[in-house]
Amino acid sequence: MSQIAATCVFQFRLFFIALQFFTRIPIPRWVGFDSAWLHHASRYFPLVGLLVGAIAATVYWAAASVWPAPVAVLLSTAASIYLTGAFHEDGFADMCDGFGGGMTRERVMEIMKDSRIGTYGAVGITLLVALKCMLLAMLEPAMAIASLLLAHPLSRLAAAALIWRLDYVRDEGKAKPLGKDMTDTEFLIAACGAAVPAAILGAAGFLPWLSIALATAFAAIAATWMGAKCVRRIGGFTGDCLGAVQQLSEVAIYLAVLACAGQAALV
């Protein structure tokens, strides 16, 4: 096998490892597994998000052909949650519990590690999912579909930015292999996984360039704010923090798109 072919096969393996880690989607047997691959699989986090977004958008399109938009949004959201095993939603809920109920770093880490959900987590995830569904339901169907294709990879790039810039702070954990030393090149690959779909959506006229620019800014602000909070409270990030940043950034993107759609209540 030539060097180029071997490199391509390795990149496919990394993508499938990321797909297996972040979703319930089965991967081919030939991929195999090596724990060392997880250290480099985060570069394809946004590309996995694009696949999840495409499936969610397809479910929305199919459902919207039969039922009203709110029903299509709920079915689409349920599909995306099923595909990911509520991986990111669980992280958001755990971070709400930990940061809401813990006064010290040690207590915050202890609460986030607890598999049980508390009041902060229950309220937080309920409001977040409700807001996500409401925002999508208020968009025109074509724009909602385009927003799903934009938000899923872009919000995962926001989460990958934490891996790139911050330190993983647990001695052990499911996300630890992903949280090690993401290089500038790997982050650039991740950025391309979000930038290319965004560019296609803009060039094809599915979303206004202003919406894409504002959505990118909102996602960056959400990630920066959450990253600063993580550093202040626990000195870095955990897997739960990655899920929380993804979820908050996704909602921020929908907020940006709806803001540009001109549906303000007082206008």
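Rules behind the numbers
- Residues numbered from 1 in each chain as written.
- Predicted model: local features only at pLDDT ≥ 70, side-chain atom pairs only at ≥ 80, totals over all residues.
- Heavy atoms only, no water.
- Helix = DSSP H or I, 4+ residues; strand = E, 2+ residues; numbered from the N terminus.
- Expected span 1.5 Å × (residues − 1).
- Buried < 20%, exposed > 50% of the residue type's maximum accessible area, 1.4 Å probe, protein only.
- Arc of directions from axis to C-beta.
- Contact = heavy atoms within 4.5 Å.
- Core = buried A, V, L, I, M, F, W, Y, C linked by side-chain atoms within 4.5 Å.
- Salt bridge = Lys/Arg side-chain N within 4 Å of Asp/Glu carboxyl O.
- Phe/Tyr/Trp six-rings, centres within 6.5 Å; stacked < 30°, edge-to-face > 60°.
- Lys NZ or Arg CZ within 6 Å of the ring centre and 35° of its normal.

Points about helix α6 (residues 119-137)
Between its first and last C-alpha, α6 extends 27 Å over 19 residues, near the 27 Å set by a 1.5 Å rise per residue. Here α6 has its buried residues at G121, G124, I125, L128, K132, C133, L135 and L136. Taken around the axis of α6, the buried residues stretch over an arc of 165 degrees, which confines them to a single face. More than 90 degrees from the buried face of α6, the exposed residues found are T119, T126, L127 and M134. Tucked inside the fold, the buried residues of α6 contact α3 (69-84), α4 (87-101), α7 (141-165) and α10 (239-260).

Comments concerning the nonpolar core
Across soluble globular proteins, nonpolar side chains have a tendency to be buried as a group. Grouped together as the largest cluster of nonpolar side chains are 80 residues, with contacts concentrated most on M95, L150, L207 and I234. Per-element accounting of this core gives the leading share, 13 residues, to α7. Ignoring any residue separated from it by four or fewer positions in sequence, one finds I234 in contact with F99, R105, V108, M109, M112, V169 and C241.

A closer look at the pattern of salt bridges
All told, the structure shown has five salt bridges when counted by the stated rule. Ionic pairing is found between K132 and E89, a salt bridge with its closest N-O pair at 3.8 Å. Of this pair, K132 sits in helix α6 while E89 sits in helix α4, and the two are 43 residues apart along the sequence. For K132, a relative accessible area of 5% translates into the label buried. By relative accessible area, which is 8% here, E89 ends up buried.

Details of the environment of G124
Here G124 is to be found in helix α6. The spatial distance from the C-alpha of G124 to the C-alpha of M95 is 9.4 Å, given a sequence separation of 29 residues.

Description of the packing of aromatic side chains
For any two aromatic rings, the description comes down to two numbers: the centre-to-centre distance and the angle of the planes. Evaluated as defined, the whole model comprises nine aromatic pairs. For the pair F22 and F87, a centre-to-centre distance of 6.1 Å together with 55 degrees between the ring planes defines the contact as tilted. Residue F22 is located in helix α1 (residues 3-22), and its partner F87 is located in helix α4; the two are separated by 65 residues in the primary sequence. Take F87: its relative accessible area is 26%, and that puts it in the partly exposed class. With 4.1 Å between their ring centres and 5 degrees between their planes, W164 and F187 make a pair best called stacked. With W164 in helix α7 and F187 in helix α8 (residues 184-203), the pair connects residues that are 23 residues apart, well separated along the chain. On the basis of relative accessible area, W164 is assigned to the partly exposed category, the value being 28%. Cluster of aromatic residues (ring-pair linked, three or more members): F15, F16, W30 and Y44. Its guanidinium or amino end placed over the ring of W164, R165 lies 4.9 Å from that ring's centre, counting from NZ or CZ. The ring of F99 carries the charged tip of R233 above its face, separated from the ring centre by 5.3 Å.

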